[in-house]
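# Structural description and commentary
Next come the chains, spelled out residue by residue.
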Amino acid sequence: MRLDVTHRTTYTYDDDVTGSYGIAYLTPRDLPWQRVVAHQVDVDPEPLDRSTDVDHYGNTATYFQLDTPHRTLDVVAHSVVEIDEPVLDPVALGVPWEQARPSVRPDVPDAWSALDLALASPSVDQPAAAHAYAATSLTPGRPLGEAVLEVMHRVHADFAYEQGATTVTSTIADVLEARAGVCQDFAQLTLSCLRSHGLAVRYVSGYLATEPPPGKERVVGADATHAWAAVWVPGGGWLALDPTNDQPGNERYVTVAWGREYSDVPPLKGVIFTEAKTSTLAVAVDVVPV
Amino acid sequence: MTVLRDYASEVGQPTRPREREGPPDAAPARYDEVVDADGSLRPAWRTLAASALEITDVQLRRVQRDIGRFLGDDGVTYRRPGEPGSRWRLDPLPLVLSAQDWAPLEVGLAQRAELLNALLADLHGPRSVLAQGVVPPAVVYAHQGFLRVAARPGTVDDRPLLLTATDVARTPAGDWVVVADRTQAPSGLGYAMENRHVISRVLPQMYRDAGLHQVGPFLQAVRSTLMQAAPEHVDDPRVVVLTPGSASETAFDQAHLASSLGFPLVQGSDLVVRSGAVWMRVFGRLERVDVILRRVDAPWCDPLELRGDSQLGVPGLLEAVRRGSVRIVNGLGSGVLENPALLPYMARLCEHLLDEPLRLPSVPTSWLGDPDALALARERWDELAVRSIDRSVDVDRLGPAELLARVQAEPHRFAAQELPAWSQAPRLAGGAVRPQSVALRTFTLRYGSSYRPMLGGLASVLDGARSVSSKDVWVLKDTPDQPDQGLAEVLAVTSSSSVTPLVPRVLEDLFWFGRYAERAEDTLRLVLVAHALAEDFRARPYSAGGVALRVLRGALLHQVPGPYDAGDGESVDADLRSVLLDVERSASVAHSFAALRGAAEGVRDQLSVDVFRAFGATERAAALLDANDHSLQVTESAERMLTGLLALHGATASMVHDEGWETLEAGRALERCLQVVALLRRTVTVRRGIDVDRHLHQGVLTATESAITHRRRYRGFVRVTSLVELLLADPANPRSLRFNLETLRRHVAALPASTGASRPERLLDDLVDEVDRTHVAELVPIEGESRPNLERHLDSLTIHLLRVAEAFAGTHLATAPTPRAFGLSGRGTR
């Protein structure tokens, strides 16, 4: 599937911003199942300085610095991406989940680097409640694919999608307590649950095309940034799981960046110098199949 | 008997001190640094001259007192996290090591720095040590010091470690082992130099005769290494030392190192990233920075990509590093090496990375993320020290059960270490010399293409795990003709060549330095006058002198608000003592001194050591007053404090007359203006009868150091007109408002932001006009008991002066706003 993505982020301030430094993760990744056909990021006002670099996880990070006094900052990313339907090896997905823990698979070439994603990260800790929640599905010897898909189904069923139920500082325990959240919360909760059992899981940031196929229901998550999880499958790549929409990844998911958690790959973050008291944020995303 | 012989005979007894924790006969003996197993002196001490061996306990106690005075004079402090700053402690007896003692350390430390450097370069690049299983990946991935923003394919620095520290100690067999590595921003070099400086002064004979390696050349080598660390094609590199500020626990160490190296000490807010390079704000100009010796821990260095709440860093710093436009020493991310869980793998790492055997072993340590190691450690749990691999868990605060639960939940975040009995050395404490265990912090520098350990270091005297004092470390030369530090050709440090930049923060500190110094001086003079009156009239509160005293105390109370009881004669002393000593009381002398000291700490590298010596004198005067409750002590201590302040003025007068000095003097002149106006406002605006006024006017003249001038000019007859004339309008009296306005005008005009028409200059011109236009004769007429014209005039002057102060700060001391996050996008969407 070919998708055309426009992602506009606008900050408006009530006073002049005299210095602004930003980091953006807005460039989709080139992957075996995903090709970036066209891409550009425009920043207004024009930055004094900008550059791109490849980060620790292979994502493209855009840095910019601007010193033109401004009250509006506009960052627009435009991408055209071709995505294939994911093909996962049923044999690899059929291993007992215990054998999918990188710590016990030194025989698999990328196990050592996958191990990074099996550990707690700054805002994705592993409270006992998360461990217990996943234990219900991770029964001894159960095939990996089946077990983790069930965790995904349960998170979808047990947690309400509710903006404002959580904040950027909410912990995994908070989300478990509230039984509600947004896609980042569900993705990070899934990470915490599965990692606490030794599985390696990526946090993935991207977009979801929501144009409903004929005769099917409209999918939640229309025209927005999106986040999901992807589980390491020994010798078989990564299995994407979207607990928000209760489905594994497919050709409608645009992968932009991945890391340990949201804070590794936020679409845009920055530091400003200003006397302004307030700022407002507007985000608009269009994902159009072409 | 002499100290060392006493010590030798005590330590040499069969009942030598044993490991404290264990039963006396089971625990191993400690290695003694001075005395061997037979009770005779070790070779290093045998070669010391007789002067060392004959030192008596009386001499040693005197030396200890001298050390206390020197450290006080130099303002050497250390602050434990969460505690107020305390005096740095230094034991008089150095740790003396022979060339033979040192030899295994020298090769071992050089290799270790090479190994740590190679390890860091590998972890930030190919990570072969993880991929090939030399180190379990979780040892590194679980460590908070592993900065993924620094470990990127495009930014591989092959020499990220330039200056490292390694803590070593000696086992009962006398072998050196590594206890910990300090690789990110090692502290202690400044303290080590200060220790050497002090010991060389208090034990001059012993020091001269010892034939030990001087530390100076090592410092010169550090300077040279930092200069050469600059990105290529920079002819005259600018090196700065980045500090978290004077509240940092090792603020002294940082400032002392910076000034010894001749590099400016800066804070994050003094720097800015522009076009991918780092610049320093100097008088509205930006000057390029090429090398940053950092003492700020990595997470706080860049709020854009690391901790977003940090006010200590520079947004964009990582980007500048990635572009290679600035070099940070040591590299961001080097904190990953400060990990006890790496110690069990060092031998394998050395084979893997350097292809040679590890020379210097580590203290036996295991990583508890290894299930076998955890099981073994559980068997002898009480004999081991459990450590967090990255200090993210404060294990000392956890009870045994809680700690065990934490370890079992996340074993990979912990390591367990043996607790050997470290070597002991004589320490003077409580008037007696007793053996106490010691550990040694060593420093290793990349110099040219190899690593060189400093011949010397910083020894800690330990009580359990806590450092309670320090020792200078003497490494003796093998032969007298050996060059110091083995460095014959290193260039001398030319600290005069570095022009210290005056960033706005530094100017602000200097401005307040000037103001607090003047405020303390004026308050002291008023205290002296009040106390002299109290000596004569405290018993007669309704006499003319008693009333004058009350008025002066009212003026003092206005300047130094606090409890005041005008009735009781006893309370005069109590109140004056409080004005001198109560640091909590706003504008008290103690408060001004504390603020003065705070300002001075912030700009330590700008000030001569004489400034800190003056602080030492005033602190001793305050201690004396605190300890003696007789009345005369008030005057005696106040006079000593005043003497200390005058010494301080002497020290600042001999500063280079640059913008910093102009700013300091401007602050001083402005405060003097404010003080003289305030004093007049509280004293001579009311008529109290000729006898009271006689005492009062005399007191005002004495407090303003103008009594002699007045006598000479007005033949002793003090009238309000002459007094006001002398203190407000006289252009020649150094204490008058008019004189100080002129002084202020001169200093302001010398500052780069002054244009002749800047706001502070215009306000000052107006103020001078106002003073010159006013005829004193029009001010003094009386209505009832008061002088309304004088009151109005003085109030107007105060408001006008405060406006000048505000304009001055706005024009000359403006600092950048603090950075803040512009929020994270993409949150709350799907």
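What counts, and at which threshold
- Residues numbered from 1 in each chain as written.
- Chains lettered and ligands numbered in written order.
- Predicted model: local features only at pLDDT ≥ 70, side-chain atom pairs only at ≥ 80, totals over all residues.
- Helix = DSSP H or I, 4+ residues; strand = E, 2+ residues; numbered from the N terminus.
- Rg over C-alpha atoms; globule rule 2.2 N^0.38 Å.
- Buried ≥ 20, exposed ≤ 12 C-beta atoms within 10 Å, placed from the backbone.
- Contact = placed C-beta atoms within 7 Å.
- Core = buried A, V, L, I, M, F, W, Y, C linked by C-beta atoms within 7 Å.
- Pairing = 2+ DSSP bridges.
- Axes fitted to C-alpha atoms, helices over the stretch in contact; angles between N-to-C directions.
- Domains from an automatic or database assignment.
- Nonpolar A, V, L, I, M, F, W, Y, C, P; charged D, E, K, R; others polar.

### Re the overall build of chain A
The helix and strand tally for chain A stands at six helices and 14 strands. Computed over its C-alpha atoms, the radius of gyration of chain A comes to 19 Å, within 12% of the 19 Å expected for a compact globule of 290 residues. By its C-alpha atoms, chain A is 60 × 40 × 40 Å across when sized along the principal axes. The 290 residues of chain A split such that 49% are buried. Residue pairs at least 24 apart in sequence account for 74% of intrachain contacts in chain A once pairs closer than 6 positions are excluded.

### Comments concerning the overall build of chain B
Within chain B one finds 29 helices and 21 strands. Each of the three principal axes of chain B carries a C-alpha extent, and together these read 95 × 75 × 60 Å. Of all 830 residues assigned to chain B, the portion counted as buried reaches 50%. Sequence-distant contacts in chain B: of pairs separated by 6 or more residues, those separated by 24 or more amount to 72%.

### Details of the nonpolar core
Ala229(A), Val231(A), Ala530(B), Leu552(B) and Cys673(B) are the most contacted members of the largest nonpolar core, which has 321 residues in total. Here this core takes 18 residues from helix α16 (residues 504–537) of chain B, the largest share from any one element.

### Comments concerning the sheet that holds strand β14 (residues 384–388) of chain B
All names here are of chain B. Strand order in the open sheet formed by three strands is β13-β15-β14, and the pairing between neighbours is antiparallel. If you trace the sheet from one side to the other, it starts and ends with β13 (365–367) and β14, each paired once. Pairs of neighbouring strands in the sheet enclose a mean axial angle of 25°, with direction left out of account. Here β13 pairs with strand β15 (residues 414–418) via three bridges, running antiparallel. Its bridge partner being in β15, Thr365 is matched across the sheet by Gln417.

### Section: the domain arrangement of chain B
Residue and element names in this part refer to chain B. The domain architecture assigned to chain B consists of domain 1 (77–363 + 420–497), domain 2 (506–654) and domain 3 (665–813). Taken together, the 25 residues of domain 2 in the interface contact 23 residues of domain 3. For the side of domain 2 that touches domain 3, the secondary-structure elements that each account for two or more residues are α16 and α17 (544–559). The biggest single contributor to the side of domain 2 that touches domain 3 is α16, with 15 residues. Classifying every residue of the side of domain 2 that touches domain 3 gives 14 nonpolar, five polar and six charged.

### Looking at the domain arrangement of chain A
Residue and element names in this part refer to chain A. Per the domain assignment, the segments making up chain A are domain 1 (2–83 + 266–289) and domain 2 (90–250). With centres defined by C-alpha atoms, the gap from domain 1 to domain 2 works out at 26 Å. With 10 residues of domain 1 in contact, the opposing surface of domain 2 contributes eight residues. At the level of secondary structure, the elements contributing two or more residues to the side of domain 1 that touches domain 2 comprise β1 (2–27) and β14 (279–289).

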